[in-house]
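A structural walkthrough
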There are 2 protein chains.
Amino acid sequence: MLVQNQGKNTEALGKVLLKEKGLKQTQLRIELIKHFNSAMHAQSYTDLKQAMVKDVDKSTLYRNLATFEEVGLIHSINDHSGVTKYAKGASPNSGQSHAHFVCDSCETVYCMKGKSELKYEVPQGFTPRNVQTIIRGNCAHCESSR
Amino acid sequence: MLVQNQGKNTEALGKVLLKEKGLKQTQLRIELIKHFNSAMHAQSYTDLKQAMVKDVDKSTLYRNLATFEEVGLIHSINDHSGVTKYAKGASPNSGQSHAHFVCDSCETVYCMKGKSELKYEVPQGFTPRNVQTIIRGNCAHCESSR
DNA sequence: TTTTATAATGCAACTTAGTTGCATTTGCAA
DNA sequence: TTGCAAATGCAACTAAGTTGCATTATAAAA
Ligand SMILES: [Mn+2]
Ligand SMILES: [Mn+2]
Ligand SMILES: [Zn+2]
Ligand SMILES: [Zn+2]
């Protein structure tokens, strides 16, 4: 019964989160939050579009992603692929943040645990505020299937 | 006379570089190399287009940037802006690389000296190969004019 | 429960960055 | 000097994301 309830529980959690942020609880938003909670890696627009039960409009989805990012429900990641990806948790706009692992083989983006520390040498006059780290290599899945 | 010759010297250097890489010495390529050598920060397509004496075609410029990157004359940088920027020097595709500083105020991208070391903890099974670091903050220019 | 105001959605048209196919031109080696 | 592969220019295309606006749904008030 714990397992059966899990879906409903995360749905309830999503609703609470939306209320906290002052956002209306639409079907799409609840499903999005649920999806972000269970996703093992960062999601592209296409990933999300395909994961949604009902067909979602492009602008609606992008607008919700923008809104979610603004209120700190998700953060976005830009690897070198031209496709933005999104994952659960606030944007690391100020101070520390976690690193992202981008698989060279499957292009999947993973959020890493821990935080990248801000200890880089910058030239005189420059004021660093935040560091974004992208680690490239092979993910566990691609590495094992070689 | 040293100063007067500088233009010609870097031009000659560019020609040598192109020959080394097996690329034909066109006016645009020579001018591009000269420009990259004197640029104090990473250059967008628009920056480069405007810097060229003659009007350059979009595809020609982009194709040259791709070629230059392939042969290691330049590397490209993706900040969070959607506009790729380019700077002198080989792409840090394998092993270590330098960090990039992106100014939050003027969006200028600077190549930092030194190399980012590969000392991140990744999950079991993941094989890191290379790290890309973007430092955000204010550049010396924007910081001084506040 | 019904009404109402506001926020969210859907659709189409647009933008921006970059790419591709192809005919023409140019650099350079023979 | 000539021949040819490589480079260029043009136009048309693509992919990702954005914008304006009319319609619809959510949530609070009545
Ligand atoms: Mn992340
Ligand atoms: Mn650089
Ligand atoms: Zn992979
Ligand atoms: Zn600046």
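Residues numbered from 1 in each chain as written. Chains lettered and ligands numbered in written order. Predicted model: local features only at pLDDT ≥ 70, side-chain atom pairs only at ≥ 80, totals over all residues. Heavy atoms only, no water.

As annotated in an unreviewed UniProt entry, chain A carries the name Transcriptional repressor and comes from Flagellimonas spongiicola.

Observations concerning the relation of the copies chain A and chain B
Just so we agree on the cut-off: The copies were overlaid by least squares, fitting only the C-alpha atoms of residues that reach a pLDDT of 70 or more in each copy. The criterion used for residue contact is that any of the two residues' heavy atoms lie within 4.5 Å.
Superposing chain A onto chain B takes a rotation of 180 degrees plus a shift of 0.0 Å along the axis, which leaves an RMSD of 0.0 Å. One copy is carried onto the other by what is essentially a two-fold rotation axis. If distances are taken from each C-alpha of chain A to the rotation axis, the shortest is found for Thr133 of chain A, at 2.3 Å. When you check the interface residues of chain A against chain B, 100% turn up at the interface there too, and the contact is symmetric in its surfaces.

Some remarks on the layout of surface pockets
Quick note on the threshold: Using only the protein atoms, space was sampled on a 1 Å grid; points where a 1.4 Å probe fits but cannot get out form cavities, open sets with protein on both sides within 12 Å along at least five of seven lines form pockets, and lining residues are those with an atom within 4 Å of a point. Grid points are joined across faces, edges and corners, and a volume is the space filled by probe spheres set on the points. Runs of H or I in DSSP of at least four residues are treated as helices and runs of E of at least two as strands, each being numbered from the N terminus.
For the largest pocket, the calculated volume is near 710 Å³. Along the walls of the largest pocket sit 40 residues, with Asn78, Gln132 and Ile134 of chain A together with Asn78 and Ile134 of chain B positioned nearest its centre. The element contributing the most residues to the lining of the largest pocket is strand β6 (residues 127-138) of chain B, with seven residues.

Some thoughts on the interface of chain A and chain B
Test applied: Two parts lose some accessible area (1.4 Å probe) when they are put together, and adding that loss for both gives the buried area. For salt bridges, the criterion is a side-chain nitrogen of Lys or Arg within 4 Å of an Asp or Glu carboxyl oxygen. We define a polar contact as two N or O atoms separated by no more than 3.5 Å, with the added condition that, inside protein, one atom must be a possible hydrogen donor and the other a possible acceptor, whereas residues neighbouring each other in sequence contribute only through side-chain atom pairs. Amino acid classes used here: Ala, Val, Leu, Ile, Met, Phe, Trp, Tyr, Cys and Pro are nonpolar; Asp, Glu, Lys and Arg are charged; the rest, including Gly, are polar. A pair of strands is considered paired only if DSSP assigns at least 2 bridges between the two.
Across the contact, 33 residues belong to chain A and 33 residues belong to chain B. Roughly 2,700 Å² of surface becomes buried between chain A and chain B when both sides are summed, with 55% attributable to carbon and sulfur atoms. Its largest share of buried area at the contact with chain B, chain A owes to His80, Phe126 and Gln132 of chain A, together 22% of the area lost on that side. On the surface where chain A and chain B come into contact, there are two salt bridges. Here Asp104 of chain B makes a salt bridge to Arg129 of chain A, at a shortest N to O gap of 3.8 Å. Counting across the interface, chain A meets chain B through 15 residue pairs in polar contact (both at pLDDT 80 or more). For the side of chain A that touches chain B, the leading source of residues is strand β6 (residues 127-138) of chain A, giving twelve residues. Residue classes in the side of chain A that touches chain B are distributed as 14 nonpolar, twelve polar and seven charged. In this structure, β6 of chain A lies alongside β6 of chain B, joined through eleven bridges in antiparallel fashion. Counted as the bridge partner of Val131 of chain A is Ile135 of chain B from β6 of chain B.

Remarks on the domain arrangement of chain A
All names here are of chain A. Our working rule: Domain extents, as shown, originate in an automatic or database domain assignment.
Each assigned domain of chain A is listed with its residue range as follows: domain 1 (10-87) and domain 2 (97-144). Just the C-alpha atoms count here: the centres of domain 1 and domain 2 sit 22 Å apart. Listed per partner, the contact involves eleven residues of domain 1 and ten residues of domain 2. Across the domain 1 to domain 2 interface the summed buried area is about 730 Å²; carbon plus sulfur atoms make up 67%. Joining domain 1 to domain 2, the criterion identifies zero salt bridges. Remark: the boundary between domain 1 and domain 2 carries four residue pairs in polar contact (both at pLDDT 80 or more). Every element with two or more residues in the side of domain 1 that touches domain 2 is listed here: β2 (74-78) and β3 (84-88). If you tally residues by element for the side of domain 1 that touches domain 2, the top one is β2, at three residues.

Brief notes about the packing of helix α2 (residues 27-38) of chain A against helix α4 (residues 58-70) of chain A
Residue and element names in this part refer to chain A. Put simply, the rule is: Fitting a line to C-alpha atoms yields each axis, with helices limited to the stretch in contact; the angle taken between N-to-C directions then spans 0 to 180 degrees. In a left-handed crossing the near helix is turned counterclockwise from the far helix by less than a right angle, and in a right-handed crossing that turn is clockwise.
Contact geometry for α2 and α4: axes closest at 11 Å, N-to-C directions at 65 degrees. Helix-helix and strand crossings are classified by hand; for α2 and α4 the assignment is right-handed. Between α2 and α4, the contacting residues are Leu28, Arg29, Leu32, Ile33 and Phe36 on the first element and Thr60, Leu61, Asn64, Leu65 and Phe68 on the second. Here the contact of α2 with α4 is composed, by residue class, of seven nonpolar, two polar and one charged.

Details of the sheet that holds β6 of chain B
With mixed pairing, six strands are arranged side by side in an open sheet as β5(A)-β4(A)-β6(A)-β6(B)-β4(B)-β5(B). Two strands close off the open sheet at either side, each with one partner strand: β5 (109-111) of chain A together with β5 (109-111) of chain B. Across the sheet, the mean angle from the axis of one strand to that of its neighbour is 25 degrees, orientation sign disregarded. Sheet topology note: the strand β4 (residues 100-103) of chain B/β5 of chain B ladder contains three bridges and is antiparallel. Looking across to β5 of chain B, one finds that His100 of chain B is bridged to Cys111 of chain B.

Description of helix α4 (residues 58-71) of chain B
Residue and element names in this part refer to chain B. Definition in use: Expected helix span is taken as 1.5 Å per residue step, with the number of steps being one fewer than the number of residues. Burial classes follow relative accessibility: with a 1.4 Å probe on protein chains only, a residue under 20% of its type's maximum area counts as buried, one over 50% as exposed, and anything between as partly exposed. The arc refers to the directions leading from the helix axis to the C-beta atoms.
In a regular helix each residue adds 1.5 Å, so 14 residues correspond to 20 Å; α4 covers 20 Å between its end C-alpha atoms and thus fits that length. Within α4 the residues assigned to the buried category are Leu61, Asn64, Leu65 and Phe68. Buried residues along α4 cover an arc of 100 degrees about the axis, so they all sit on one side. α4 presents Arg63 and Glu70 as exposed residues on the side facing more than 90 degrees away from its buried surface.

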